[in-house]
Amino acid sequence: MQQQRREPPKEPTERELRAIEQRVHQLVNEQRKRFKLPPLAWREDVARAARDHSKNMAERNFFSHTDPRLGDVDKRLNRFRIPWRACGENISVLQGYKDPARVAVQGWMSSPEHRANILRKEFTHEGVGVFYRRRDQRYYFTQIFIRPPEEPKR
């Protein structure tokens, strides 16, 4: 009988990472629908800011809403020249799951603060950024919510 070697997980492609981001977006909007809230619209510029934060956390080895060099989400959005009236953020780091998007959203929905962000009526748009750190097979998630300044309050 030949012994099988366990292969390390395959590193996701950029396309696969973008698909995970879209899956988070879909799952979050399913949660909002359950609570009779309007869906969040996708903002690619916000997703770029979220990807940047996920990458920074992974590469500089920190896990926080506050980047030691770039500050909180409001300062990071301003750095990307994204206008906003209200903003919020959820982060997660996961390892070893077949469906990391589902696990991230389930985790956020189990946490009162993260759940509040997902279900906040004031937020109208989101962007999600996922970065994969090869050395320990960890997925870093950043979900940024905004309400653009020109939108009337819901």
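Residues numbered from 1 in each chain as written. Predicted model: local features only at pLDDT ≥ 70, side-chain atom pairs only at ≥ 80, totals over all residues. Heavy atoms only, no water.

Draft legend 1. Here's a closer look at the overall build of the protein chain. When helices and strands are tallied, the protein chain shows five helices and four strands. Listed by position from the N terminus, the elements making up the protein chain come as α-β-α-α-β-α-α-β-β. Against the 2.2 N^0.38 benchmark of 15 Å for 154 residues, the protein chain shows a C-alpha radius of gyration of 16 Å, consistent with a compact globule. Projecting the C-alpha coordinates of the protein chain onto the three principal axes gives extents of approximately 70 × 40 × 25 Å. Within the span of the protein chain, comprising 154 residues, buried residues form 47% of the whole. If you take every contact in the protein chain between residues at least 6 apart in sequence, the share linking residues at least 24 apart comes to 69%. (Helix = DSSP H or I, 4+ residues; strand = E, 2+ residues; numbered from the N terminus. Rg over C-alpha atoms; globule rule 2.2 N^0.38 Å. Buried < 20%, exposed > 50% of the residue type's maximum accessible area, 1.4 Å probe, protein only. Contact = heavy atoms within 4.5 Å.)

Draft legend 2. Summary view of unusual backbone geometry. With a phi angle near 55 degrees, K36 is a residue other than glycine that sits in the positive phi range. With respect to the helices, strands and loops of the structure, K36 is situated in the loop between helix 1 (14-34) and strand 1 (41-42). The phi angle at N61 is positive, at roughly 55 degrees, despite the residue not being glycine. Checked against the element boundaries, N61 lands in the loop between helix 2 (44-60) and helix 3 (73-79). Taking relative accessible area as the criterion, N61 reaches 54% and is therefore assigned exposed.

Draft legend 3. Quick look at the pairing of strand 4 (residues 138-147). With nine of its ten residues buried, strand 4 lies for the most part within the structure. For strand 2 (residues 86-95) and strand 4, the ladder comprises ten bridges, and the chain directions are antiparallel. Looking at strand 4, one finds that A86 is bridged to R147. Here strand 3 (residues 125-133) pairs with strand 4 via nine bridges, running antiparallel. When the bridges of strand 4 are listed, E126 appears paired with F145. (Pairing = 2+ DSSP bridges.)

Draft legend 4. Spatial organisation of the nonpolar core. One finds V24 and F141 to be the most contacted residues of the largest nonpolar core, which totals 23 residues. When contributions to this core are tallied by element, the ones reaching two or more residues are helix 1, strand 2, helix 4 (100-110), strand 3 and strand 4. In this structure V24 touches A101, V105, W108, V128, F141 and Q143, once residues within four positions along its chain are discounted. Counting residues in hydrophobic clusters, the runner-up holds nine residues, among them V46, A49, V73 and L77. (Core = buried A, V, L, I, M, F, W, Y, C linked by side-chain atoms within 4.5 Å.)

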